[in-house]
Amino acid sequence: MAIFHYNSERPFRSNPDLHLHYWGREQCAPGHTVGPGVRDIYKIHFIHEGTGIVTVGEQTHILQAGQAFLTYPHIVTYYAADSSEPWTYSWVAFTGEEVPCLLDKTSLSPELPVFPMDKQLMPELYRLLTEAADSKDGLDLPLKAIMYEFLALLLKLVPAAPDILPLPRAKSIYVEQCLHFIHAHYCENVTVESMASSLKLDRKYLSTLFKRSIGLPPQQYLLTFRMAKACELLTESTCTIGDISRSVGYQDPLLFSRMFKKVKGCSPKEYRLRHNDSDIVL
């Protein structure tokens, strides 16, 4: 059974530097699976007992007690508990304007999301957050302090190699502009060429910068982002499949359905039947 704790304090602005949304713990049933799917927040699972796997793209990692893994926003991820030795894990889910920059200073990426737990803070993170929330002093400041301590430890535990340190500011601006372009125009006929042209950059150069920073090529990120938006419309609206298809950049609903099934493993209609906006995914 999963145990959830939510941060009752809402962010004071739409995109704070760091905000803990929720945390929890679960002793998973044998073969318990999550996904393939996407979220719009960062989430870290800490494995305390047992084993399991996590799959991102074509990369599958086997995890055991003493390890942890990070799931990124808008990146399709699948994970499953072992059928004979299912894992027990705890988790933290968070967002924030500072988070991408902090993670750039680590060796983690969507394809390499696994890291070792330390011996002191990480195994106790669930307890520390729960005790801080129970004290009800200082609103969410104690929670935020614990999370900053954890992120500082993470930077020391898995630092980026010298050749993959954060992009120089001028180059990172290009990636940010590319992300803004995708988020603003995903419902249109977006291509890498059109993005590169808007930024007055070479297409191959932009693709290299983008993949190095985000972990995915621009076209793959666009596909993932479109399908995340489609999932929102499928679960939170009564729009037809055709309307949703056009809303996320596909004039051909059949092509949209094929791409959706490729990413999500089921048709848009099946996804809508399986999900609703009250579901909680662990």
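Here is a short report on the structure shown in this document. Only a predicted model underlies this, so the values are computations on that prediction, with no experimental measurement involved.

What follows covers the sheet that holds strand β3 (residues 33-37). Pairing in this open sheet of four strands is antiparallel, and the strands run β3-β8-β5-β6 from one edge to the other. The strands lining the two open edges of the sheet, one partner per strand, are β3 and β6 (59-64). Here the strands of the sheet are splayed against their neighbours by 15° on average, with no regard to which way each runs. In this structure, strand β5 (residues 51-56) lies alongside strand β8 (residues 77-81), joined through five bridges in antiparallel fashion. The residue bridging Val56 from the neighbouring strand is Thr77, located in β8.

Time to look at the pattern of salt bridges. Overall, the coordinates contain four salt bridges when judged by the stated rule. Put simply, Arg127 and Glu124 hold a salt bridge, and the shortest N to O gap is 2.6 Å. Since its relative accessible area comes to 38%, Arg127 is described here as partly exposed. Residue classification places Glu124 among the partly exposed positions, given a relative accessible area of 31%. Taking the shortest distance from any N to any O, the salt bridge between Arg246 and Asp243 comes out at 2.9 Å. Here Asp243 and Arg246 lie together in helix α8 (residues 241-247), a separation of three residues that amounts to about one turn. Each of Glu124, Arg127 and Glu131 takes part in a single network of salt bridges with overlapping partners.

According to the stated counting rule, one finds 15 aromatic pairs in the structure shown. Look at Phe46 and Phe150: their rings are 5.7 Å apart centre to centre, the planes differ by 80°, and that puts the pair in the edge-to-face class. Of this pair, Phe46 sits in strand β4 (residues 42-49) while Phe150 sits in helix α3 (residues 141-157), and the two are 104 residues apart along the sequence. When sorted by exposure, Phe46 lands in the same class as Phe150, which is buried. Ring pairs connect the aromatic residues Phe69, Tyr79, Trp87, Tyr89 and Trp91, which therefore count as one cluster. It is Lys43 that lies over the ring of Trp91; its NZ or CZ is 4.9 Å from the centre. Across from the ring centre of Tyr250, 5.2 Å away, lies the NZ or CZ of Arg226, which sits over that ring.

Every α-helical turn comprises 3.6 residues, leaving residues that sit three or four positions apart pointing alike. Spanning 12 residues, helix α9 (residues 253-264) covers 16 Å between terminal C-alpha atoms, matching the ideal 16 Å at 1.5 Å per step. By the burial criterion, the buried members of α9 are Phe256, Phe260, Val263 and Lys264. Buried residues of α9, seen end-on, are gathered within an arc of 75° and therefore sit on one face of the element. Turned more than 90 degrees away from the buried face of α9 sit Leu254, Arg258 and Lys262, all of them exposed. Its side-chain oxygen placed 2.9 Å from the backbone nitrogen of Leu254, Asp252 serves as the N-cap of α9. Looking at the residues trailing α9, positive phi occurs at Gly265, about 85°.

Further remarks concern the packing of helix α2 (residues 125-135) against α3. Closest axis-to-axis distance for the α2/α3 pair is 8 Å, and the angle between their directions is 160°. By the angle class used here, α2 and α3 are roughly antiparallel. As for how α2 packs across α3, the hand of that crossing is right-handed. When α2 is examined against α3, the residues Leu125, Leu128, Leu129, Ala132 and Ala133 are found in contact with a partner set consisting of Pro142, Leu143, Ile146 and Phe150. The residue makeup of the contact of α2 with α3, split by class, is nine nonpolar, no polar and no charged.

Once that is clear, we can look at the sheet that holds strand β1 (residues 2-6). Strand pairing in a sheet is mediated by backbone hydrogen bonds. Such pairs are either parallel or antiparallel. Pairing is antiparallel across the open sheet formed by six strands, whose spatial order is β1-β2-β9-β4-β7-β10. Each edge of the open sheet carries a strand with a single partner, namely β1 and β10 (114-116). Averaged over all adjacent pairs, the angle separating strand axes in this sheet is 20°, with direction ignored. The sheet contact formed by strand β2 (residues 19-27) and strand β9 (residues 88-95) spans eight bridges and is antiparallel. Bridge assignment links Leu20 to a residue of β9, and that residue is Phe94. Against the sheet, α2 contacts β1, β2, β4 and β9, and its axis sits at roughly 125° relative to β2.

All right, on to unusual backbone geometry then. For the bond from Gly35 to Pro36, the omega torsion is 5°, close enough to zero to count as cis. By the element assignment, Pro36 lies in strand β3. Its identity is not glycine, yet His74 carries a phi of approximately 65°, on the positive side. Examined against the element boundaries, His74 turns out to sit in the loop between β7 (67-71) and β8. Taking relative accessible area as the criterion, His74 reaches 17% and is therefore assigned buried.

Cut-offs applied
- Residues numbered from 1 in each chain as written.
- Predicted model: local features only at pLDDT ≥ 70, side-chain atom pairs only at ≥ 80, totals over all residues.
- Heavy atoms only, no water.
- Pairing = 2+ DSSP bridges.
- Helix = DSSP H or I, 4+ residues; strand = E, 2+ residues; numbered from the N terminus.
- Axes fitted to C-alpha atoms, helices over the stretch in contact; angles between N-to-C directions.
- Salt bridge = Lys/Arg side-chain N within 4 Å of Asp/Glu carboxyl O.
- Buried < 20%, exposed > 50% of the residue type's maximum accessible area, 1.4 Å probe, protein only.
- Phe/Tyr/Trp six-rings, centres within 6.5 Å; stacked < 30°, edge-to-face > 60°.
- Lys NZ or Arg CZ within 6 Å of the ring centre and 35° of its normal.
- Expected span 1.5 Å × (residues − 1).
- Arc of directions from axis to C-beta.
- Polar contact = N/O pair within 3.5 Å; in protein donor to acceptor, adjacent residues only side chain to side chain.
- Parallel < 35°, antiparallel > 145°, perpendicular 65-115°, else oblique.
- Left-handed = near helix turned anticlockwise from the far one by under 90°.
- Contact = heavy atoms within 4.5 Å.
- Nonpolar A, V, L, I, M, F, W, Y, C, P; charged D, E, K, R; others polar.

As far as function goes, none of this settles anything; it's purely spatial.
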